[in-house]
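# Tertiary structure, described
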Amino acid sequence: MRDIVVFSGSAHRELARHICAELSVDLAPSETKRFSNDCLQAQLLANCRQRDVYIVQPLVPPTQEHLMELLLMIDAARGASAAQITAVIPHYAYARSDKKDASRISLGGRLVADMLVAAGVDRVLTMTLHAPQVHGFFSVPVDHLTAIGVLAEHFRDHDLTRAVVVSPDLGNAKTATQFARLLGLPVAAGSKQRLGDDRVVIDSIVGDVEGRRAIILDDEIATGGSIVELLDRLAERGCTEAAVACTHGLFAGPAVERLRDHPHISEVVTTDTVPAPARWPELRVRSVAGLFAEAISRIHAGESVSSLFDGVDPTHAPPHPTLFDRVRA
């Protein structure tokens, strides 16, 4: 693995260190400076010449600063004659800007993809895009990982009697169905209308939830408005309690207070694609560092990344044991 060099931006150095530990390589040093005119400058402090460079940087708040830092680090690696540059973006925030659903609106997902390519990236490694079609915005290869196997493993030790997997909206129902099959559970979904960034209405629940315990699965939780609205509808339909699971736990604004103190929530589970909030010690965080490390290893060796998830196919349950052995190792 001597030809691999892993750098980290300032967004989530802890995850980068865990990935490096799984790869048995050192996290390479880098430095980002801010000038008096508020411009950033990134410097990579390790040799990149003819090496495979991986830059770990989820796009988390302050998102624009972290995006600019990532672009500068990619440009620095290109200028240092890296053989291949891979942007490891566990959370691609601009995936939410994927369609023109209003007049004269920007497509941020595609624009940021073009910016990354223009900066010099050769490949992107990400996880659980909010809108999977954003994968097609890139003109370079994209390896799209999933955390549903890791989240399903968390619930395997739970009593799943009378449990049901619930998706907050119909758009996420396919992933929720895969997750439900991994646990051998039925699935239900909410019918959601988004009125604004933090305003949603769920007017109905598709599926049987009466007398059941819900496992709510979402790809991303920002302010928690959708989850609270869904919990109200589930309670009206006779659901007794709910666990909440998501890949990207941003927990912005009032989300921590909304979810931590909610009487119907038994636990909240997320992954470490983004930094966990410091004021929520009860939050359960599952690491995906092992998955990213294995994907990096396979990219470097020219092996299949998609086969890493052979056990997380909706037609096969339970998940392939080697998937979770690598995560726990």
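What counts as what
Counting starts from 1 at the beginning of each chain's written sequence and moves along it residue by residue. At least 70 in pLDDT is required for a residue's local features to be given in this predicted model, at least 80 for side-chain atom pairs to be given and counted, and no such filter applies to totals for whole chains, interfaces and linings, which use all residues. Heavy atoms throughout the structure, all of them, feed into the side-chain values; hydrogens and water do not. Runs of H or I in DSSP of at least four residues are treated as helices and runs of E of at least two as strands, each being numbered from the N terminus. Computation of the radius of gyration draws on C-alpha atoms, with the globule rule given as 2.2 Å multiplied by the number of residues to the power 0.38. Think of it in three bands: with a 1.4 Å probe and only protein chains considered, a residue is buried below 20% of the maximum accessible area for its type, exposed above 50%, and partly exposed in between. Here, two residues are considered to be in contact whenever any of their heavy atoms come within 4.5 Å of each other. Accessible surface is estimated by sampling points in the Shrake-Rupley manner with a 1.4 Å probe; for residues, cover comes only from the protein chains shown. Charge convention: Lys and Arg are scored as positive, Asp and Glu as negative, and His as well as the terminal groups of each chain are ignored. In this description, the location of a charge corresponds to atom NZ of lysine, CZ of arginine, CG of aspartate or CD of glutamate. N or O atoms closer than or at 3.5 Å make up a polar contact, with two conditions inside protein: a donor-capable atom paired with an acceptor-capable one, and, for residues adjacent in sequence, both atoms drawn from side chains. Joining through side-chain atoms within 4.5 Å is the link that ties buried Ala, Val, Leu, Ile, Met, Phe, Trp, Tyr and Cys residues into a set, and such a set is a nonpolar core. In this description, strands pair whenever DSSP reports at least two bridges between them. Handedness is read with the strands pointing away from the viewer; a crossover is right-handed when the path from the first strand over the helix to the second is clockwise.

## Structural notes on the overall build of the chain
- If you tally the helices and strands in the chain, you get nine helices and 14 strands.
- Taking 20 Å as the expected radius of gyration for a compact globule of 329 residues, we find that the chain reaches 20 Å, a close match to that expectation.
- In terms of overall dimensions, the chain has C-alpha extents of about 60 × 45 × 35 Å along its principal axes.
- For the chain, the residues scored as buried account for 52% of the 329 residues in total.
- For the chain, the proportion of contacts with a sequence separation of at least 24, taken over those separated by at least 6, is 66%.
- If you sum the accessible surface of the chain, you get close to 14500 Å²; carbon and sulfur atoms cover 48% of it.
- Where the 33 positive side-chain charges of the chain centre and where its 41 negative ones centre are 2 Å apart.

## Examining the side chain of Arg 123
- Tracing the sequence through the fold places Arg 123 in strand S6 (residues 123-127).
- Side-chain polar atoms of Arg 123 contact the side chain of Asp 143, separated by 2.9 Å.
- For Arg 123, the contacting residues outside a window of four places in its chain are Gln 84, Ile 85, Thr 86, Ala 87, Val 140, Pro 141, Asp 143 and Ile 299.

## Some points on the side chain of Ser 30
- Note on placement: Ser 30 falls in strand S2 (residues 30-34).
- Relative accessible area serves as the criterion here: at 16%, Ser 30 is assigned to the buried category.
- In this structure Ser 30 touches Phe 7, Ser 8, Arg 13, Gln 43, Leu 44, Leu 45 and Met 73, once residues within four positions along its chain are discounted.

## Section: unusual backbone geometry
- With an omega of -5°, the peptide bond running from Pro 61 to Pro 62 counts as cis.
- One can find Pro 62 in the loop between strand S4 (52-56) and helix H2 (63-79).
- Phi is positive for Ser 24, close to 60°, though the residue is something other than glycine.
- For Ser 24, the location among the structural elements is in the loop between helix H1 (13-23) and S2.
- The phi dihedral of Phe 251 falls on the positive side, at around 50°, and the residue is not glycine.
- Relative to the assigned elements, Phe 251 resides in the loop between strand S12 (241-249) and helix H7 (255-260).

## So, the nonpolar core
- Judged by nonpolar contacts, the single largest core of 34 residues is most densely connected at Phe 7, Ile 74, Tyr 92, Leu 116 and Phe 138.
- For this core, the secondary structure elements donating two or more residues are strand S1 (4-8), strand S3 (40-44), S4, H2, strand S5 (84-89) and helix H3 (108-119).
- Among the elements that line this core, the one with the most residues is H2, at six residues.
- Discounting residues that sit within four places of it in the chain, Phe 138 has contacts with Tyr 92, Ala 113, Leu 116 and Val 124.

## Let's talk about the pairing of strand S11 (residues 213-221)
- Of all nine residues in S11, eight are buried, a share of seventy percent or more.
- The pairing of S11 with S12 spans eight bridges and is classified as parallel. Note that in S12 the partner of Leu 217 across the bridge is Ala 245.
- Following the backbone out of S11, through helix H6 (residues 225-236) and into the adjacent parallel S12, one traces a crossover that is right-handed.

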